[in-house]
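Structural overview
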Amino acid sequence: GAWGNHGPARPSSEGGGADAAPRRMTDEKLLQKAGRGDEAAFLALYERHRGTVFRFAYRMLGSAALAEEVTHDCFLSLVRRPDAFDPSRAALRTYLYAAVRNLSAKHLRRHGGEFPFEDLEDEPEVEERESPLGRLLDAELSEEVRKAVTALPDLQREVIVLVEFEELSLAETAAVVGADVGTVKSRLHRARRRLRRALALYFKSQGGVAAAGKVGR
């Protein structure tokens, strides 16, 4: 798709390191074992969540190299400080998204980004229809889709990525970004509106009447 098939280099699991037994363990159990230096447990945990972590980092940063760095740092910090994850508060996936978000913010600041981006004034809530935009984004039709998402303000981009691409619920997204559900819905509405504008113009210029209609609805 337009996002490419980038992914970080996988640690070698030659010699049967990540065997079937660790793969059947819960995240919590694997993390406990990995924190004690169990390489097979770390490999199983890494393989289970690597794609999710890298994909979110890549969509937030727009750079495969930076996303690989963030993915590496995310798993390293997880294993170095396993007690920072509290399974009673959130699933490991939610915790990892939040860790990637924080690491991405550091990279954006270091490289001249503007994260966190202050939201504009609040706007009245508008009920979203079941979004044709979501299906369009899901299809990852072109480089223009990637560009349009990357061009969003950071706080709008992260909610679009989490809800439309990663398919998190509003509550899960709120937990990741540290905001309430109402704020997430507001950011999502703004992001969808910006994307409709950007992509409708693109499809109009390409003569894609049907696609432009889907985005504009």
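See the structure above.
What comes next is a walk through the structure.

Calculation criteria
Residues numbered from 1 in each chain as written. Predicted model: local features only at pLDDT ≥ 70, side-chain atom pairs only at ≥ 80, totals over all residues. Heavy atoms only, no water. Helix = DSSP H or I, 4+ residues; strand = E, 2+ residues; numbered from the N terminus. Buried < 20%, exposed > 50% of the residue type's maximum accessible area, 1.4 Å probe, protein only. Areas by Shrake-Rupley, 256 points an atom, 1.4 Å probe, with all protein chains shown as cover. Salt bridge = Lys/Arg side-chain N within 4 Å of Asp/Glu carboxyl O. Core = buried A, V, L, I, M, F, W, Y, C linked by side-chain atoms within 4.5 Å. 1 Å grid on protein atoms, 1.4 Å probe; cavity = no way out; pocket = protein on both sides within 12 Å on 5 of 7 lines; lining within 4 Å. Points joined across faces, edges and corners; volume = space filled by probe spheres on them. Nonpolar A, V, L, I, M, F, W, Y, C, P; charged D, E, K, R; others polar. Axes fitted to C-alpha atoms, helices over the stretch in contact; angles between N-to-C directions. Parallel < 35°, antiparallel > 145°, perpendicular 65-115°, else oblique. Left-handed = near helix turned anticlockwise from the far one by under 90°. Contact = heavy atoms within 4.5 Å. Phe/Tyr/Trp six-rings, centres within 6.5 Å; stacked < 30°, edge-to-face > 60°. Bend = angle between axes of the 7 residues up to and from the residue. Polar contact = N/O pair within 3.5 Å; in protein donor to acceptor, adjacent residues only side chain to side chain. Expected span 1.5 Å × (residues − 1).

Here we come to the overall build of the chain. In terms of helices and strands, the chain carries 11 helices and 0 strands. Each helix and strand of the chain, placed in order from N terminus to C terminus, yields the pattern α-α-α-α-α-α-α-α-α-α-α. Evaluated residue by residue, the chain yields a buried proportion of 45% over its 217 residues. When the accessible surface of the chain is summed, it comes to about 11400 Å², and 48% of that surface belongs to carbon and sulfur atoms.

Another point: the pattern of salt bridges. Per the stated rule, a full pass over the model turns up 9 salt bridges. Taking the shortest distance from any N to any O, the salt bridge between R101 and E158 comes out at 2.8 Å. Here the residue R101 occupies a position in helix α5 (residues 92-110), and E158 occupies one in helix α8 (residues 154-165), the gap between them amounting to 57 residues. Judged by relative accessible area, which is 0%, E158 ranks as buried. Among the ionic pairs, D154 bridges to R157, the shortest N-O distance being 2.6 Å. Taken together, the residues span about one helical turn, with D154 and R157 both in helix α8 at a distance of 3 residues. The class for D154 is buried, based on a relative accessible area of 7%. Where salt bridges share partners, they join R55, R59 and E166 into one cluster.

On to the nonpolar core, then. Residues F56, C74, L78, V100, I160, L162 and V176 are the most contacted members of the largest nonpolar core, which totals 51 residues. The set of elements that each furnish at least two residues to this core consists of α2 (27-35), α3 (39-61), α4 (64-80), α5, α7 (143-150), α8, α9 (170-177) and α10 (181-205). Residue contributions to this core peak at 11 residues, all from α3.

Size it by volume and the second largest pocket reaches roughly 220 Å³. Forming the boundary of the second largest pocket are A84, F85, D86, R89, A90, T94, Y95, A98, A175 and V176. Elements supplying a minimum of two residues to the lining of the second largest pocket: α5 and α9. Class assignment for the residues of the lining of the second largest pocket results in 7 nonpolar, 1 polar and 2 charged.

Before going further, it helps to examine the packing of α8 against α9. Between α8 and α9, the least distance of the axes is 10 Å, while the angle of their chain directions is 140°. Comparing their axes, α9 and α8 come out oblique. Note that α8 runs across α9; the crossing there is right-handed. Judged by residue contacts, E158, V159, L162 and V163 of α8 engage L170, T173, V176 and V177 from α9.

Quick look at the packing of aromatic side chains now. In this structure the tally under the stated criterion is 6 aromatic pairs. Through a chain of ring-to-ring contacts, the aromatic side chains of F42, Y46 and F75 assemble into a single cluster.

Positionally, T173 belongs in helix α9. Overall, T173 belongs to the buried group, its relative accessible area being 0%.

This part takes up unusual backbone geometry. With phi around 60°, E167 is a residue other than glycine that occupies positive phi space. Mapped onto the elements, E167 comes out in the loop between α8 and α9.

A few words on α3. The principal kink in α3, of about 50°, is found at H49. Residue D38 occupies the N-cap position of α3, its side-chain oxygen lying 3.0 Å from the main-chain nitrogen of A40. Within two residues after α3, G62 carries a phi angle of roughly 70°, on the positive side.

Turning our eyes to something else, we now look at α8. With 12 residues, α8 should cover 16 Å at 1.5 Å per step; its first-to-last C-alpha distance of 15 Å lies within 8% of that length. Most of α8 sits inside the fold, with 12 of its 12 residues counted as buried. Those residues of α8 not exposed but buried are D154, L155, Q156, R157, E158, V159, I160, V161, L162, V163, E164 and F165.

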